[in-house]
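Understanding the architecture of this molecule
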Amino acid sequence: MNWEQLLSLKRFGDKHKRLRKEQNETRLGFEVDYDRIIFSSAFRSLQDKTQVIPLSKTDFVHTRLTHSLEVSVVGRSLGRLTGQKLLEKHPHLRDTFGYQMNDFGAIVAAAALAHDIGNPPFGHSGEKAIGEYFSHGNGKRFKEQLTDEQYQDLIKFEGNANGFKILTENRPGIEGGLRLSYATLGAFTKYPKESLPHKPSAKIGDKKFGFFQSEKEIFEEVAEELGLEKTREGQNIGYSRHPLAFLVEAADDICYTIIDFEDGINLGLIDEDYALEYLIKLVKDNINTSKYNQLKSTADRLAYLRALAINTLITEAAEIFLKNEEAILNGQFHQSLFDKSSYEAQIKDIIKISIEKIYQSEEVISKEIAGYRMLSYLLDIYTKALLAEGQEENSNFTRLVLKSVPELRPLQDKNSVYGKLIGICSYTASLTDGMTVASFKKYQGQSL
């Protein structure tokens, strides 16, 4: 892979090549990507989607939206730091083609901003609820009407693939979705493979999948334009990651490691003194002891350690990336950047505590159970409304449901069962936590 292709400004539907040196410096193409994401309704819905605690009433707890903004800020810094060194190493990118340090930051920032845009309500339990509706629930009845790949898309429903769908899906009057640059779409796709084969290797890019069958064609176009290296031939395709996807992943890793941990402290789920001790271990080589000792409140000490930890990890992630650039460009780097971190032990300790004290807390589990049941119920309602049309079981209730959800009506024109089902899943995933509860109560007759 080569950087000139990887930094492509092409957008869906372009007839002519977009050249970096011809870009308007006041509104660069990669910055336009950021703007289009932040003004999208799918991004705004993240303000009411779970990051740590579902349906939290506490103002300072992060939602998917605040988390995404923070990941984007970290990603921008990480991209700029890396871009500066890459341009020193490959000066022709600047001198011949016009690329600047900020271009790398803008691509990573935009991809990081969108990294959770396809996630369903109630966090990862929402993904499992959708998948298990088709593998063990009433959705299993559709299996014989689908190809293996289509069925796998449903039973292993993936927020990353749904994000790619949101960013690129053709809709009436809106060709190519948000029409982001292919560089940003490449950096966004952490798992550049389809749903089958399932986890064919221990390579990090094979851990999950990055696009549904409905977007396979557009992903192949993006991959070809970017020059991504094919890792699998034949019916089920796979590619090497876009190099900047490693930086997007690192930015996410930094934020959920440090900031989810901070939320746990603020919620009282993690003992303050105990938590500060673990953060100090992470930044012990960079801490200004004199400054730290002057801070009197726990909040101030926590804020100082958080900022220092994030900066420490940004610097190290950039160093690891640059050290392994050749292997990454050759598609021979198959782990996350922090798997090579000198702070790996400290990071694992913090994540272990977060899992035990936050993600598996009674409040989180009880709300995820409720969310699981509500999503399964809504999927049943929506599939009956769309796929029972013209049949005896299509009751007046299901017809009223279809009329009440305008987002589902375009799916009536889909010719295939798969097209309807993946559309239903994508719509259900677009619901916020609050909208899921409200819809459930409405269809149960519990509210008007």
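The sections below set out a description of the structure shown in this document. The model shown is predicted, which means the values in this text are computed figures rather than measured ones. (Residues numbered from 1 in each chain as written. Predicted model: local features only at pLDDT ≥ 70, side-chain atom pairs only at ≥ 80, totals over all residues. Heavy atoms only, no water.)

Another aspect to go through is the packing of aromatic side chains. Applying the stated criterion to the full structure yields 13 aromatic pairs. Taking the centre distance of 5.6 Å and the plane angle of 70° together, the rings of Phe164 and Phe219 count as edge-to-face. Taken together, the residues Phe164 in helix H9 (residues 159–168) and Phe219 in helix H11 (residues 216–226) connect sequence positions 55 residues apart. Pair check on accessibility: Phe164 and Phe219 agree, each one buried. Taking 6.2 Å as the distance between ring centres and 40° as the angle between the ring planes, the aromatic pair formed by Tyr292 and Tyr304 counts as tilted. Taken together, the residues Tyr292 in helix H14 (residues 289–294) and Tyr304 in helix H15 (residues 298–323) connect sequence positions 12 residues apart. What makes Tyr292 buried here is its relative accessible area of 11%. These aromatic residues form a ring-pair network of at least three members: Phe164, Phe211, Phe219 and Tyr239. Cation over ring: Arg241 sits above Phe246, and NZ or CZ is 4.8 Å from the ring centre. Against the face of Tyr278 rests Lys281, its NZ or CZ located 4.7 Å from the ring centre. (Phe/Tyr/Trp six-rings, centres within 6.5 Å; stacked < 30°, edge-to-face > 60°. Helix = DSSP H or I, 4+ residues; strand = E, 2+ residues; numbered from the N terminus. Buried < 20%, exposed > 50% of the residue type's maximum accessible area, 1.4 Å probe, protein only. Lys NZ or Arg CZ within 6 Å of the ring centre and 35° of its normal.)

Estimated volume of the largest pocket: approximately 1,700 Å³. Elements with a contribution of two residues or more to the lining of the largest pocket: helix H4 (64–89), helix H7 (123–135), helix H12 (243–266), helix H17 (344–359) and helix H18 (362–387). Residue contributions to the lining of the largest pocket peak at 8 residues, all from H7. Here the residues of the lining of the largest pocket are counted per class, giving 15 nonpolar, 16 polar and 19 charged. The residues that make up the lining of the largest pocket include at least three from each of domain 1 (3–119 + 243–358) and domain 2 (121–156 + 361–439). Space inside the second largest pocket adds up to approximately 870 Å³. Lining the second largest pocket are 25 residues, with Glu169, Arg171, Glu407, Tyr427 and Ser430 positioned closest to its centre. If you list the elements that add at least two residues to the lining of the second largest pocket, you get helix H3 (41–44), H9 and helix H20 (417–430). Of the residues forming the lining of the second largest pocket, the biggest block, 4 residues, is contributed by H20. Counted by class, the lining of the second largest pocket contains 11 nonpolar, 7 polar and 7 charged residues. When residues of the lining of the second largest pocket are assigned to domains, at least three fall in each of domain 1 (3–119 + 243–358) and domain 2 (121–156 + 361–439). (1 Å grid on protein atoms, 1.4 Å probe; cavity = no way out; pocket = protein on both sides within 12 Å on 5 of 7 lines; lining within 4 Å. Points joined across faces, edges and corners; volume = space filled by probe spheres on them. Nonpolar A, V, L, I, M, F, W, Y, C, P; charged D, E, K, R; others polar. Domains from an automatic or database assignment.)

In this section: helix H21 (residues 433–443). Among the residues of H21, those classed as buried are Asp433, Thr436, Val437, Ser439, Phe440 and Tyr443. The arc that holds the buried residues of H21, viewed along the axis, is 165°, so those residues lie on one side. (Arc of directions from axis to C-beta.)

This brings us to a negative patch on the surface. Judged by side-chain charge, Asp271, Glu272, Asp273 and Glu277 come together as a negatively charged surface patch. Note that Asp271 resides in the loop between H12 and helix H13 (272–283). Looking at Asp271, the relative accessible area reads 49%, which means it is partly exposed. (Patch = residues over 30% accessible without salt bridge, like charges linked within 9 Å, V, L, I, M, F, W, Y side chains within 5 Å. Areas by Shrake-Rupley, 256 points an atom, 1.4 Å probe, with all protein chains shown as cover. Salt bridge = Lys/Arg side-chain N within 4 Å of Asp/Glu carboxyl O. Lys, Arg positive; Asp, Glu negative; His and termini not counted. Charge placed at Lys NZ, Arg CZ, Asp CG, Glu CD.)

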